[in-house]
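# Report on the structure
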Amino acid sequence: MGSPINNRALFPCQEPPVALSTWQASVRAAAGFVVLMSGENSAEPVQLQEGILSWYYYVTMPMPASTFTIAVGCWQEVKQQSFTAANQTNVEFPLPSSQADFRWHEELCGHVEYPCRFRNPAARLQAVIPYRVFAPWCLMECCKEHLLQLIPRCLSAAYTTLGTHPFSRLDVLIVPSNFSSLGMASPHIIFLSQSVLPGGSHLCGTRLCHEIAHAWFGLAIGARDWTEEWISEGFATFLEDIFWARAQQQLSHDEVKGQQELKASLRWRRLRDEVQNSEEELQVLRPKKESTGELSESGASIVKHGLKAEKIFMQVHYLKGYFLLRFLARAVGEASYLASLQKFVQKFHGQLVLSQDFLCMLLEDNPEQKKSGLTVENIFENWLDTSGIPKPLLEEGETWKECRLVQQVSGEVTKWIQTNQRIRKSGKKKRKQDEVVFQKLLPDQLVLLLESLLEEKTLCPRILQCLEKTYQLREQDAEVRHRWCELVVKHKYVPGYGDVEKFLREDQAMGVYLYGELMVNEDVKQQELAHKCFAAAREHMDASSAKVVAEMLF
């Protein structure tokens, strides 16, 4: 995929985001390969000569050159006959809330001229755009099991929330284990890591919702200054929860609120840990402050911290951005907030924006907030221009602790700690009263449980064995297995070293910091495991990931 930094290493181009352009491409490949690109057409290959095919793609919407994407490989299209045809027709879906009233009268778009879907009556009614899935042969069945069913539900949920899909079609490509993240959105195409497929539909669904949200925030609406990544990632993280709640269908209000508070709890822990373990200057969401969006006399824009390798693995712009948007939604009320989001999309699609464009519109739509002291200036001061945990978030307190799903996990954590203490006191003798009944937990609850147990100084091997067996941890999704691997490393649980090795081999998008944990314990077996895994993966590893891991190991 293209990159905001040094994209000219991929092809000659102007790099600042303001240099919008269209493109067309003709790609020749051997007949056994499939060529996918971020073009708006679903290309059909033409035979040039025996064994050589040509694929032609184009776009009509001018965009930054970094949004260009190409993927060439021996993939196959995943089809499910009875399913795909039925779901690609336009079934009746409810119109997006608060959007129905201004959907029907033409509004002038603010972008440069191109064939805009927001002005196309047929496109405005298309809840599910045409989609295809491509994967290697060995993952075809896995994709049929969950992914194919999830795509139309997630697309429909996004439409119900934000309105018109900015792009006319979607390809979803399952990328190999050496891909550097769990997902990557580009116009008309999403890369999903193979790591999201095992362990049920939860991780796959939430990640798909996150990447679909980027069609609006990050692609149709881009940051005018590359340092304001939160505009893309904060919005996608916030909307992921709303899309996923709607995609699951028929959840009660309490179930939705419970899931979202549980997520907030996990994100709070992640933000707290990241703030404690990263450079302060990398924690600021608007590092250029008042000069954000300004160009030099030559027209160049500076991307502060743009070449720091560790920045790629940081989530602060996702997490602080999410908590800011959550704070604003709670301040103005969810219905008013979503109406403002829809209005923002209508006004700014096809354009590049700065933080204040959204914040000014939101506060203008909700004037009572200004009276209560909420201004763009104090949002900058408290949320965007400072490092650390934002002050309003600290003042709010950890309200999610009151959530039933979080409290249920707290109860289970207590049971495990008490059982661990009893086993350590009684030695190896098994006693009947040691048998405790543990409750079934959701995937996010399991993540919270394992993170909580990671805070315990000592867990005995029998407890770790029992944990794995109780929750079938090896069969869970990658987020859960990652926390299990951390427990294995922390407690030097040798029977689990095979799980760590498998994770570092097959889930490279998430395994980088596990290498550091294997090294920091100064345990010979663990360090040997780290070196062995890196030696096996290094040749095919993402360059930035390999650089960070090499620094940990050597």
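These figures come from a predicted structure and were not determined experimentally.

The rules behind each value
Residues numbered from 1 in each chain as written. Predicted model: local features only at pLDDT ≥ 70, side-chain atom pairs only at ≥ 80, totals over all residues. Heavy atoms only, no water. Pairing = 2+ DSSP bridges. Helix = DSSP H or I, 4+ residues; strand = E, 2+ residues; numbered from the N terminus. Contact = heavy atoms within 4.5 Å. Axes fitted to C-alpha atoms, helices over the stretch in contact; angles between N-to-C directions. Patch = residues over 30% accessible without salt bridge, like charges linked within 9 Å, V, L, I, M, F, W, Y side chains within 5 Å. Areas by Shrake-Rupley, 256 points an atom, 1.4 Å probe, with all protein chains shown as cover. Salt bridge = Lys/Arg side-chain N within 4 Å of Asp/Glu carboxyl O. Expected span 1.5 Å × (residues − 1). Buried < 20%, exposed > 50% of the residue type's maximum accessible area, 1.4 Å probe, protein only. Arc of directions from axis to C-beta. Polar contact = N/O pair within 3.5 Å; in protein donor to acceptor, adjacent residues only side chain to side chain. Disulfide = S-S within 2.5 Å. Phe/Tyr/Trp six-rings, centres within 6.5 Å; stacked < 30°, edge-to-face > 60°.

With mixed pairing, the five strands of this open sheet are ordered in space as 6-7-8-10-9. Two strands in the sheet have a free side with no partner beyond their single neighbour: strand 6 (76–77) and strand 9 (183–186). The sheet contacts of helix 4 (residues 140–162) involve strand 6, strand 7 (131–135), strand 8 (170–175) and strand 10 (189–193), and relative to strand 7 the element is tilted by about 155°. Packing against the sheet, helix 5 (residues 202–213) makes contact with strand 9 and strand 10, and its axis sits at approximately 150° to strand 10.

The next thing to look at is a nonpolar patch on the surface. Together, Phe33, Ile70 and Val72 make up an exposed nonpolar region whose accessible area comes to about 210 Å². Among the structural elements, Phe33 can be located in the loop between strand 1 (24–30) and strand 2 (34–37).

This paragraph deals with helix 14 (residues 404–426). With 23 residues, helix 14 extends 33 Å between its outermost C-alpha atoms, agreeing within 8% with the 33 Å of an ideal straight helix rising 1.5 Å per residue. Along helix 14, the residues classified as buried are Leu405, Val406, Gln408, Val409, Glu412, Val413, Trp416, Ile417, Thr419, Asn420, Ile423 and Ser426. Where helix 14 is buried, its residues contact helix 7 (253–276), helix 15 (443–454) and helix 16 (461–471).

Between the first and last C-alpha of helix 20 (residues 524–537) there are 20 Å, a value that for 14 residues agrees with the 20 Å anticipated at 1.5 Å per step. Burial in helix 20 covers these residues: Gln526, Leu529, Ala530, Cys533, Phe534 and Ala537. Down the axis, helix 20 shows its buried residues gathered within 125° of arc, on one side only. Along helix 20, exposed side chains directed more than 90 degrees from the buried face belong to Val524, Lys525, Glu528, Ala535 and Ala536. Of the surrounding elements, those touching the buried residues of helix 20 are helix 17 (478–490), helix 18 (497–506), helix 19 (512–520) and helix 21 (543–553). Two or three places before Lys525, at the start of helix 20, stands the capping residue Asp523, its side-chain oxygen 3.2 Å from that residue's backbone nitrogen.

This part covers the state of the cysteines. Tallied over the full model, the rule gives zero disulfides. Not part of a disulfide, Cys74 finds its nearest cysteine sulfur in Cys138, a span of 12 Å. A relative accessible area of 53% places Cys74 in the exposed class. With no disulfide of its own, Cys116 lies 3.9 Å from the sulfur of Cys109, the closest cysteine sulfur.

Considering all chains together, one arrives at 22 aromatic pairs under this definition. Their ring planes at 45° and their centres at 4.8 Å tell us that Phe344 and Phe348 sit as a pair that is tilted. Taken together, the residues span about one helical turn, with Phe344 and Phe348 both in helix 9 (residues 334–348) at a distance of four residues. On the accessibility criterion, Phe348 (12% relative accessible area) is buried. For the ring pair Phe344 and Phe358, a centre distance of 5.3 Å and an interplane angle of 80° mean the geometry is edge-to-face. Placement of Phe344 in helix 9 and of Phe358 in helix 10 (residues 355–365) is noted, with a sequence separation of 14 residues between them.

Moving on, we get to the pairing of strand 5 (residues 70–73). Side-chain positions along a regular strand alternate between the two faces of the sheet. Only one face of strand 5 is covered, namely the one carrying Ala71 and Gly73; the face carrying Ile70 and Val72 has none of its residues buried. As judged from the four bridges shared by strand 2 and strand 5, these two strands associate in the antiparallel manner. Bridge assignment links Leu36 to a residue of strand 5, and that residue is Ala71.

The next point concerns the sheet that holds strand 4 (residues 52–58). Neighbouring strands of a sheet are bound in pairs by backbone hydrogen bonds; such pairs are parallel or else antiparallel. Reading across the sheet, the three strands line up as 1-4-3 and stay open at both edges, with antiparallel pairing between neighbours. This sheet does not close on itself; its edge strands, each paired only once, are strand 1 and strand 3 (46–49). Across the sheet, the mean angle separating the axes of adjacent strands is 35° when strand polarity is ignored. Examined bridge by bridge, strand 1 and strand 4 share seven bridges and lie antiparallel to one another. Looking at strand 4, one finds that Gln24 is bridged to Tyr58.

Time to look at the pattern of salt bridges. Scanning all chains against the criterion turns up 29 salt bridges. Ionic contacts of the salt-bridge type, sharing partners, join the residues Arg269, Arg270, Arg272, Asp273, Glu451, Glu455, Glu479 and Arg483 into one network.

Moving on, we come to the pairing of strand 7. In terms of residue burial, strand 7 counts as a mostly covered element, since five of its five residues are buried. Burial along strand 7 is two-sided: the residues Tyr131, Val133 and Ala135 and Arg132 and Phe134 are all buried. With four bridges connecting them, strand 7 and strand 8 associate as parallel partners. Residue pairing for strand 8: Val133 is matched across the bridge by Val172.

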